[in-house]
Amino acid sequence: PSIAVPVISVVILGGALSLAAMAGRIYLVQQDAPLHAAGVAPEYTITVDKVAFMQRAAALTGNEGVANDPDDGSAYAYALTGMNVFFKAYPGNWMGDQSPDMIAIRSRLADLAKDPGLCPVLRRNGIEYALQMARTGGFFSEVATTVDGPRGIFRGLEIHPTTPGFRLVLQAPGMRLFRITACG
């Protein structure tokens, strides 16, 4: 099943819709909080709960850059909320090769406190935050995880509330936003 077409149609046809109006147009999205409470993974990569969280996160991050794992649904953050996420597309949609900065952020960000050589990479890309959401269904049902689950090539986003160099600033079930503090 493909979620890309409905979400793109929301952006093109919907413009700057409120969450309530947008929810009516994202017909493949379902509420995921009741599913998490029941121990069931949601079926879709992007959900109404994730969009609502990304809206709250975007209000905190402003224009600052946000490191993210696009496979958790945050690939839609820029289109749906204006949040300045670093990875605005799924890996298969990147044009050309990954830059050294992309590789460093996706693979080493969680080790920032032990790897201060990443600070210039973050500064160069304007990244001040890290966004995490549980990977759920959609294209990536084979890698569905909790928010703390393994992230494959995006292991740099395996950040926990106790990870040195990060401060938790926003949280909801299966979702977190961290302020990066290791670079001063």
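Since we're looking at a predicted model, the values are computed, not measured.

Trainee: Looking at this structure, I do not really get the overall build of the protein. What am I missing?
Mentor: The secondary structure content of the protein amounts to seven helices and four strands. Classification of the 184 residues of the protein by burial places 47% in the buried group. Long-range contacts, defined as pairs at least 24 residues apart, comprise 58% of the intrachain contacts of the protein with a sequence gap of at least 6. In the structure as shown, the protein presents an accessible area of about 8,500 Å², 57% of it carried by carbon and sulfur atoms.

Trainee: Just to check I follow, could you spell out the pattern of salt bridges for this structure?
Mentor: Side chains bearing opposite charge may pair, as long as their charged atoms lie close to each other. For the structure on display, the rule yields four salt bridges. Between D111 and K114 there is a salt bridge, and its shortest N-O distance comes to 4.0 Å. E128 serves as the salt-bridge partner of R179, at 3.5 Å between the closest nitrogen and oxygen. Here E128 lies in strand β2 (residues 127–133) and R179 lies in strand β4 (residues 175–180), a separation of 51 residues in the sequence. On the accessibility criterion, R179 (23% relative accessible area) is partly exposed.

Trainee: Help me understand the nonpolar core, please; the structure alone is not making it clear to me.
Mentor: It is characteristic of soluble globular proteins that their nonpolar side chains tend to be buried jointly. In terms of nonpolar packing, the biggest core is built from 21 residues, with I46, F53, M54, V66, M83, L131 and L177 touching the most fellow members. Those elements that place two or more of their residues in this core are α4 (48–61), α5 (77–81), β2, β3 (166–172) and β4. A total of five residues in this core trace back to one element, the largest contributor, which is α4. Not counting residues within four places of it along the chain, the set of residues in contact with L131 comprises F53, M54, V66, A67, N68, D69, D72, S74, M83, L157, R176 and L177. One finds L109, L112, C119 and V121 within the second-largest nonpolar core, a separate group that totals 20 residues.

Trainee: Could you clarify how one ought to interpret α4 in this entry?
Mentor: Each turn of an α-helix holds 3.6 residues, which means side chains three or four residues apart point in the same direction. In this model, α4 (14 residues) spans 20 Å end to end at C-alpha, consistent with the 20 Å of a helix rising 1.5 Å per residue. For α4, the buried fraction is high: ten of the 14 residues fall into the buried class. Within α4, the full set of buried residues consists of V48, D49, K50, V51, A52, F53, M54, A57, A58 and T61. Looking at the residues trailing α4, positive phi occurs at G62, about 55°.

Trainee: Can you help me understand the confidence of the model for the protein in this one?
Mentor: Low-confidence regions, as indicated by low pLDDT, have predicted coordinates that should not be scrutinised in detail. Mean pLDDT over the protein stands at 76; residues scoring 70 or higher make up 63%. Low pLDDT (under 50) marks residues 1–31, which in the prediction has 45 contacts with non-local residues, meaning those over four places away or in another chain.

Trainee: Where do I start with the pairing of β4 in this structure?
Mentor: Residues in a regular strand project their side chains so that they alternate between the two faces of the sheet. β4 sits mainly inside the fold: five of its six residues count as buried. Here β2 runs beside β4; their pairing, made up of five bridges, is antiparallel. Its bridge partner lying in β4, A130 is registered against F178. In this sheet, β4 lies alongside β3 in antiparallel orientation, the contact comprising six bridges. In the sheet register, F166 faces β4, and the bridge partner there is I180. The turn linking β3 back onto β4 is made up of two residues, and G174 within it adopts a positive phi angle of 75°.

Trainee: Honestly, the sheet that holds β3 in this entry has me stumped. Any pointers?
Mentor: Strand pairs in the sheet, formed through backbone hydrogen bonds, run parallel or antiparallel to each other. Within the open sheet, the four strands sit side by side as β1-β2-β4-β3. Their pairing is mixed. What marks the edges here is a single partner per strand, and that holds for β1 (65–67) and β3. Across the sheet, the mean angle from the axis of one strand to that of its neighbour is 30°, orientation sign disregarded. Bridge count between β1 and β2: three bridges; the pairing is parallel. From the neighbouring strand, V66 faces β2, where its bridge partner is Y129.

Cut-offs applied
- Residues numbered from 1 in each chain as written.
- Predicted model: local features only at pLDDT ≥ 70, side-chain atom pairs only at ≥ 80, totals over all residues.
- Heavy atoms only, no water.
- Helix = DSSP H or I, 4+ residues; strand = E, 2+ residues; numbered from the N terminus.
- Buried < 20%, exposed > 50% of the residue type's maximum accessible area, 1.4 Å probe, protein only.
- Contact = heavy atoms within 4.5 Å.
- Areas by Shrake-Rupley, 256 points an atom, 1.4 Å probe, with all protein chains shown as cover.
- Salt bridge = Lys/Arg side-chain N within 4 Å of Asp/Glu carboxyl O.
- Core = buried A, V, L, I, M, F, W, Y, C linked by side-chain atoms within 4.5 Å.
- Expected span 1.5 Å × (residues − 1).
- pLDDT = per-residue confidence, 0-100.
- Pairing = 2+ DSSP bridges.
- Axes fitted to C-alpha atoms, helices over the stretch in contact; angles between N-to-C directions.

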